[in-house]
Amino acid sequence: MKRKNILYVGNALSSSGNTLTHIESLSQDLRFEGYNVVVTSNKKNKILRMVAMIVTFFREYNSVDYVLIDTYSTTNFWYAVIIGHLCRMYNKSYIPILHGGNLPSRLEKNSKVSRKFFDGAHINVAPSDYLLNAFVKAKFFKLIKIPNSIRLSLYPFHTRKILRPKLLWVRSFTEIYNPMMAIYILEELLKIYPEASLSMVGPEKDGSLEKCKAYIAAKKLPVNFTGKLSKKDWVLHSLNSDIFINTTNYDNTPVSVIEAMALGLPIVSTNVGGIPFLINNSEDGILVPRDNVMEFKKSIEFLIKNPTDAYVIAKKARSKVEAYDWERVKELWNRLLY
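Residues numbered from 1 in each chain as written. Predicted model: local features only at pLDDT ≥ 70, side-chain atom pairs only at ≥ 80, totals over all residues. Heavy atoms only, no water.

**Regarding the sheet that holds strand β9 (residues 223–227)**
Remark on secondary structure: sheet strands pair via backbone hydrogen bonds, oriented parallel or antiparallel. Judged by pairing direction, the sheet is parallel, and its 6 strands sit side by side in the order β9-β8-β7-β10-β11-β12 without closing on themselves. Of all the strands in the sheet, just β9 and β12 (286–288) have a single pairing partner and so form its edges. Direction aside, neighbouring strands of the sheet carry axes that sit 20° apart on average. In the sheet, strand β8 (residues 197–201) pairs with β9 via 4 bridges, with the strands oriented parallel. (Pairing = 2+ DSSP bridges. Helix = DSSP H or I, 4+ residues; strand = E, 2+ residues; numbered from the N terminus. Axes fitted to C-alpha atoms, helices over the stretch in contact; angles between N-to-C directions.)

**Remarks on the environment of S199**
With respect to the helices and strands, the residue S199 is situated in strand β8. Along the chain, S199 and L209 lie 10 residues apart, while their C-alpha atoms are 13 Å from each other. Filtering out sequence-adjacent residues up to four positions away, S199 remains in contact with L167, L168, W169, N224, T226, H237 and S241. Within the structure, S199 has its side chain in polar contact with the side chain of H237 (distance 2.5 Å). (Contact = heavy atoms within 4.5 Å. Polar contact = N/O pair within 3.5 Å; in protein donor to acceptor, adjacent residues only side chain to side chain.)

**Considerations on the packing of helix α3 (residues 77–89) against helix α5 (residues 111–119)**
In contact at an axis separation of 9 Å, α3 and α5 are set at 55° when each is read in the N-to-C sense. Comparing their axes, α5 and α3 come out oblique. Judged by the sense of rotation from one axis to the other, the crossing of α3 with α5 is left-handed. Residues F77, W78, A80, V81, G84 and R88 of α3 lie in contact with α5, whose contacting residues are V113, S114, K116, F117 and F118. Residue classes in the contact of α3 with α5 are distributed as 7 nonpolar, 2 polar and 2 charged. (Parallel < 35°, antiparallel > 145°, perpendicular 65-115°, else oblique. Left-handed = near helix turned anticlockwise from the far one by under 90°. Nonpolar A, V, L, I, M, F, W, Y, C, P; charged D, E, K, R; others polar.)

**Digging into the nonpolar core**
In globular proteins that are soluble, nonpolar side chains generally tend to be buried together. In this structure, I185, L198, M200, I243, I245 and I300 are the most contacted members of the largest nonpolar core, which totals 33 residues. Discounting residues that sit within four places of it in the chain, I243 has contacts with L163, R164, K166, L167, L168, L265, P266, V268, I300, L303 and I304. Listed in part, the 30 residues of the second largest apolar core include L107, A121, A126 and L143. (Core = buried A, V, L, I, M, F, W, Y, C linked by side-chain atoms within 4.5 Å. Buried < 20%, exposed > 50% of the residue type's maximum accessible area, 1.4 Å probe, protein only.)

**Notes on the pairing of strand β11 (residues 267–270)**
Side chains of β11 alternate between two faces, with I267 and S269 and V268 and T270 buried alike. Here strand β10 (residues 243–246) runs beside β11; their pairing, made up of 3 bridges, is parallel. Directly across from N246, in β11, lies its bridge partner S269. In this region the chain leaves β10, passes through helix α10 (residues 255–263) and returns to the parallel neighbour β11; the handedness of that crossover is right-handed. Sheet analysis places β11 next to β12, joined by 3 bridges and oriented parallel. Along β12, the bridge assignment pairs T270 with V288. (Right-handed = clockwise from strand over helix to strand, strands pointing away.)

In structure tokens:
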């Protein structure tokens, strides 16, 4: 059967210094499967990005079978709503892919707009049970779960027989991901582990990086800022760290956490959004309350003092994320898009 033509609408911004986004990785994977995929937009300016999305829609809509729309909970939500409106006007099947960890709040805040957009879709793709359950609770039923994916072969499991207080944080520097908290955690660890250090991987987004740099310069803390790294480079960089920390305030199922689970890094994360649907506390990671530095410190201490338990946690995490391997996930996309 002939593969479908896809228009994929979202924020393809890695060329502007941002991390690789879902639209960029999934569109590439779909092309490898034989789909014809047109992507929009890579414009850094938000207004120009919206214009490019609309222009590309009118250029391509006659030839596409489906329009995929990355759907977030912040300002970018309105990009999705506008493209969805055009799809309904011109009778094109569209598929929102749900990403925003705060989307459940958006369903309440903009209930009428949300009802029209999500009910008018061909189907809505939820990458996590967190968003799937939230949408069902809000009485949306055009839903299917297709998890975010990685190519597992690119993430070799590294056994850590002894854990050092070497922390790794991987996200964009923005307030929603709470990067300053990672530094506060390091400060507390240094009181008992003078050799502790922190490596922070990711690009600047809203001024948070400069705030972090100013703080560590004033305090003379052992923090390494790498900037944005390619997937290959950050996988290699991860070998220098022993514990992965995720300090986010809101989240869905972040790919960086899935990648860390695949690499054998025991994880300590805030217990927010979709994270508890990804990690079972004390089984394949450790979950702590949001904004609780001392609970992070306590959990990191536990891992360092109990390397056998940490290894078991890391092995279970690796086994869990085998379900996120593209070789499995692609079958779900193929069944949906045929």
